[in-house]
Amino acid sequence: MLAVTQVGFAFSGFGVVLAHGMSRPIGAHFRVAHGLSNAMLFPAVTAFSAPAAESRYGDCARALGAANDGHGDVLAVHRLVEALRSLCQDLDVPGE
């Protein structure tokens, strides 16, 4: 319940990413769990969205540990997308 409450705070204060909105129709049409459909979309949506906010996504890459302070934002974003793809592959998330 604590985690769900924290997610509610995050959604109300910051909105959600494109993957979240796109995952609803996927779940409804293909009967895929909402969290799984989010995971399926997240690497591609991140790659699509990142050019509009490279420094913010670069910060996310560094926070995740996919990049370090020595990496510029463009490289950090690339490493973030690769880390998300790798994580999905490790967790057997269908997709790319």
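Basis of the calculations
Residues numbered from 1 in each chain as written. Predicted model: local features only at pLDDT ≥ 70, side-chain atom pairs only at ≥ 80, totals over all residues. Heavy atoms only, no water. Disulfide = S-S within 2.5 Å. Buried < 20%, exposed > 50% of the residue type's maximum accessible area, 1.4 Å probe, protein only. Salt bridge = Lys/Arg side-chain N within 4 Å of Asp/Glu carboxyl O. Helix = DSSP H or I, 4+ residues; strand = E, 2+ residues; numbered from the N terminus. Axes fitted to C-alpha atoms, helices over the stretch in contact; angles between N-to-C directions. Parallel < 35°, antiparallel > 145°, perpendicular 65-115°, else oblique. Left-handed = near helix turned anticlockwise from the far one by under 90°. Contact = heavy atoms within 4.5 Å. pLDDT = per-residue confidence, 0-100.

Novice: Go over the state of the cysteines with me, naming the residues and quoting the values.
Specialist: Enumeration over the complete set of coordinates arrives at zero disulfides. Not engaged in a disulfide, the cysteine Cys60 finds its nearest cysteine sulfur in Cys88; these two sulfurs lie 15 Å apart. Assessed through its relative accessible area of 43%, Cys60 is described here as partly exposed.

Novice: Lay out the pattern of salt bridges in plain terms, naming residues and giving numbers.
Specialist: Scanning the model with the defined rule gives three salt bridges in all. Measuring nitrogen to oxygen at the nearest pair gives 3.4 Å for the salt bridge that ties Arg62 to Asp59. Residue Arg62 and its partner Asp59 are both found in helix H4 (residues 54-64); the two are separated by three residues, about one turn of the helix. A relative accessible area of 47% means that Asp59 is categorised as partly exposed. Glu82 is paired through a salt bridge with Arg85; the nearest N and O atoms lie 3.1 Å apart. Linking Glu82 with Arg85, this pair stays in helix H5 (residues 73-90), spanning three residues, or about one helical turn.

Novice: Any chance you could break down the packing of helix H2 (residues 18-30) against helix H3 (residues 34-49) for me, citing the residues and the numbers?
Specialist: Helices that pack against each other are described as a pair by the angle of their axes relative to one another and the distance between those axes. Interhelical geometry of H2 versus H3 gives an angle of 135 degrees and a closest axis separation of 8 Å. Considering the angle they form, H2 stands oblique to H3. In this structure, H2 crosses over H3, and the sense of that crossing is right-handed. Contacts between H2 and H3 involve Leu18, Ala19, His20, Met22, Ser23, Arg24 and Ile26 from the former and His34, Ser37, Asn38, Leu41, Phe42, Val45 and Phe48 from the latter.

Novice: Go over the confidence of the model for the protein chain, please, and point to the residues and values.
Specialist: Per-residue confidence for the protein chain gives a mean pLDDT of 88, with 91% of residues at or over 70. Mean pLDDT values for the elements of the protein chain range from 72 in helix H1 (residues 2-14) up to 96 in H5.

Novice: Tell me about unusual backbone geometry, and please be specific about residues and values.
Specialist: Its identity is not glycine, yet Arg31 carries a phi of approximately 55 degrees, on the positive side. Inspection of the secondary structure assignment puts Arg31 in the loop between H2 and H3. For Arg31, a relative accessible area of 77% translates into the label exposed. One non-glycine residue, Asp92, adopts positive backbone phi at about 55 degrees. Position of Asp92 among the secondary structure elements: in the segment after H5. A relative accessible area of 66% means that Asp92 is categorised as exposed.

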